[in-house]
Amino acid sequence: MSDFDYPHLCLCVIEVFFENDANNTISVKPIIERYAHFIGLKLNIDARDDEKWREWSITDCLKSIVEMDAAKREQIFNQKILSSLTILLELMAKAKIEVLEDVVLMGESPKKIEEFRRKLEQKGYLKKFNDAMMRDIFGKDVAMKRKKDDKQVGVEAPLKSVAATVIQTSTRKIQLFPAVYGAAKWGVLTLVGIIVSFASGILGVIFFGQHDGLTSLNCYNYAQQVSQQASQYAQMGVSGSAAGAVPAQIQDICSSNSNFQAVGIIFVVLTVLAVGFTIFVSVRLVKMLLHNQFASAHNGFELTHFQLTNSIQTAKEAQK
């Protein structure tokens, strides 16, 4: 019970309640002292060692506050109405959280603690108050535990928001970096880019290999000769249609040879574009992978350090 400041759970609950009550503007300790004096409770934690010790339960506390005279209630708590506090005490009583031993036992069941937290949320208690209850009463640093479940600390849109998430625990601030999703997509795009680059490059080489420069030159010279012959026949006043006609076989050879070159150029351009695309997506992929590896290593170190620090602190408190 050395983790608690008071020998009665109800006093610990009152402390947490008023420390996190936005309407409370006075020191909490005098409130606890006035209530303890009114009921006749001891404040020293060592009082639990007394053989005749009896802890003032949550139900006892709730009954005393409900039955208390309004003037006396205001004198002790500086408030006439304590509906939020009585609701909290009722929840704890229904959950059979009456004394400090009940808190210790319940602390061994994360499921029960989470269920109690949900009930607090349903009653409208704010997250800050709920975190304080979990931390100060049950000894559970819930914000840190939630982050332990996912060392990547959630995920963000690809490379849009990679700022560290700062978590304030009960002892220190911890920075955890989020992972970025979408690496699989960029990996697929990189693979597609590589395949298209190789395929179009190979096809470009094939088509350029089919193109023959000498054939292209001969076709050009032959076309010039035919054009000159047609011009000469025209000057002589003779129809040159027959003389200027290019044989179909030669036309097919020249056309095919020209097409090989045109298609080869298309595949070369496609190869250049595919290489550029591959470089772009692969850079994005590498950035994401490196960031996620860094986030995982950094977060793992931070979480391990947090656990070790807590273990050392717990051991020191146990020795006391």
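Keep in mind that this is a model prediction, so the values were computed, not measured.

Caption draft 1: Looking closely at the overall build of the protein. The helix and strand inventory of the protein stands at twelve helices and four strands. Of all 320 residues assigned to the protein, the portion counted as buried reaches 34%. At a minimum sequence separation of 6, the contacts of the protein that also span at least 24 residues come to 71%. Surface exposure of the protein reaches about 19,500 Å², of which carbon and sulfur atoms provide 57%.

Caption draft 2: Representation of unusual backbone geometry in the model. Non-glycine residue Asn78 carries a positive phi angle of around 65°. For Asn78, the position within the fold is in the loop between helix H4 (70-77) and helix H5 (83-94). Residue Asn78 is classed as partly exposed on the basis of its relative accessible area of 41%.

Caption draft 3: Quick peek at the side chain of Ser197. Locating Ser197 in the fold gives a position in helix H10 (residues 183-210). A polar contact is formed between the side chain of Ser197 and the backbone oxygen of Gly193, at a distance of 2.7 Å. With sequence-adjacent residues up to four places away left out, Ser197 is seen in contact with Thr271, Ala274, Val275 and Thr278.

Caption draft 4: Geometry of the packing of aromatic side chains. A complete count under the given rule lists seven aromatic pairs for this structure. Relative to Phe77, the ring of Tyr35 lies with its centre 5.7 Å away and its plane at 40°, an arrangement referred to as tilted. With Tyr35 in helix H2 (residues 28-39) and Phe77 in helix H4, this residue pair connects regions lying 42 residues apart in the sequence. For Tyr35, a relative accessible area of 0% gives the class buried. Ring plane angle 70° and centroid distance 6.3 Å describe the contact between Trp186 and Phe280, whose orientation is recorded as edge-to-face. You can see Trp186 sitting in helix H10 and its partner Phe280 sitting in helix H12 (residues 248-319), a full 94 residues away along the chain. Taking relative accessible area as the criterion, Trp186 reaches 11% and is therefore assigned buried. We classify Phe280 as partly exposed; its relative accessible area is 47%. Through pairs of rings, three or more aromatic residues link up here, namely Phe17, Phe18, Tyr35, Phe77, Tyr125 and Phe129.

Caption draft 5: Examining the nonpolar core more closely. By size, the foremost hydrophobic cluster in this structure holds 45 residues, and its most contacted members are Tyr35, Phe77, Phe116 and Met133. With nine residues, helix H1 (residues 9-19) is the largest single contributor of residues to this core. Setting aside its immediate chain neighbours within four residues, Met133 contacts Val16, Leu88, Met92, Phe116, Leu120 and Phe138. In terms of nonpolar packing, the next biggest core, distinct from the first, is built from six residues, Val180, Ala183, Val281 and Met288 among them.

Caption draft 6: Looking closely at the pattern of salt bridges. Tallying each qualifying case throughout the model produces eight salt bridges. Each of Arg117, Glu121, Lys127 and Asp131 takes part in one network of salt bridges that share partners.

Caption draft 7: Representation of the packing of H5 against helix H7 (residues 110-122). One can describe the packing of H5 onto H7 by two numbers: an axis separation of 11 Å at closest approach and a directional angle of 150°. In this view, H5 runs roughly antiparallel relative to H7, as classed from their interaxial angle. As for how H5 packs across H7, the hand of that crossing is right-handed. The residues of H7 that touch H5, namely those facing Leu88, Leu91 and Met92, are Phe116, Lys119 and Leu120. Across the contact of H5 with H7, the residue classes tally to five nonpolar, no polar and one charged.

Caption draft 8: Focus on a nonpolar patch on the surface. Together, Ile194, Phe198, Ile202, Leu203 and Ile206 make up a nonpolar patch on the protein surface, roughly 460 Å² of accessible area in all. Along the chain, Phe198 falls in helix H10.

Caption draft 9: The arrangement of the environment of Phe198 in detail. Taking the relative accessible area as the measure of exposure, Phe198 reaches 57% and is therefore exposed. It is 7.5 Å that separates the C-alpha atoms of Phe198 and Thr271, two residues lying 73 residues apart in sequence.

Caption draft 10: Representation of the confidence of the model for the protein. On average, residues of the protein score 78 in pLDDT, and 70% of them are at 70 or above. Ranking the elements of the protein by mean pLDDT puts strand S1 (residues 155-156) last, at 48, and helix H3 (residues 58-67) first, at 94.

Caption draft 11: Structural context of the state of the cysteines. As enumerated under the stated definition, the model contains zero disulfides in all. Cys10 provides the cysteine sulfur closest to Cys12, a residue in no disulfide bond, and the two sulfurs are 8.0 Å apart. Overall, the relative accessible area of 5% leaves Cys12 in the buried class.

The rules behind each value
- Residues numbered from 1 in each chain as written.
- Predicted model: local features only at pLDDT ≥ 70, side-chain atom pairs only at ≥ 80, totals over all residues.
- Heavy atoms only, no water.
- Helix = DSSP H or I, 4+ residues; strand = E, 2+ residues; numbered from the N terminus.
- Buried < 20%, exposed > 50% of the residue type's maximum accessible area, 1.4 Å probe, protein only.
- Contact = heavy atoms within 4.5 Å.
- Areas by Shrake-Rupley, 256 points an atom, 1.4 Å probe, with all protein chains shown as cover.
- Polar contact = N/O pair within 3.5 Å; in protein donor to acceptor, adjacent residues only side chain to side chain.
- Phe/Tyr/Trp six-rings, centres within 6.5 Å; stacked < 30°, edge-to-face > 60°.
- Core = buried A, V, L, I, M, F, W, Y, C linked by side-chain atoms within 4.5 Å.
- Salt bridge = Lys/Arg side-chain N within 4 Å of Asp/Glu carboxyl O.
- Axes fitted to C-alpha atoms, helices over the stretch in contact; angles between N-to-C directions.
- Parallel < 35°, antiparallel > 145°, perpendicular 65-115°, else oblique.
- Left-handed = near helix turned anticlockwise from the far one by under 90°.
- Nonpolar A, V, L, I, M, F, W, Y, C, P; charged D, E, K, R; others polar.
- Patch = residues over 30% accessible without salt bridge, like charges linked within 9 Å, V, L, I, M, F, W, Y side chains within 5 Å.
- pLDDT = per-residue confidence, 0-100.
- Disulfide = S-S within 2.5 Å.

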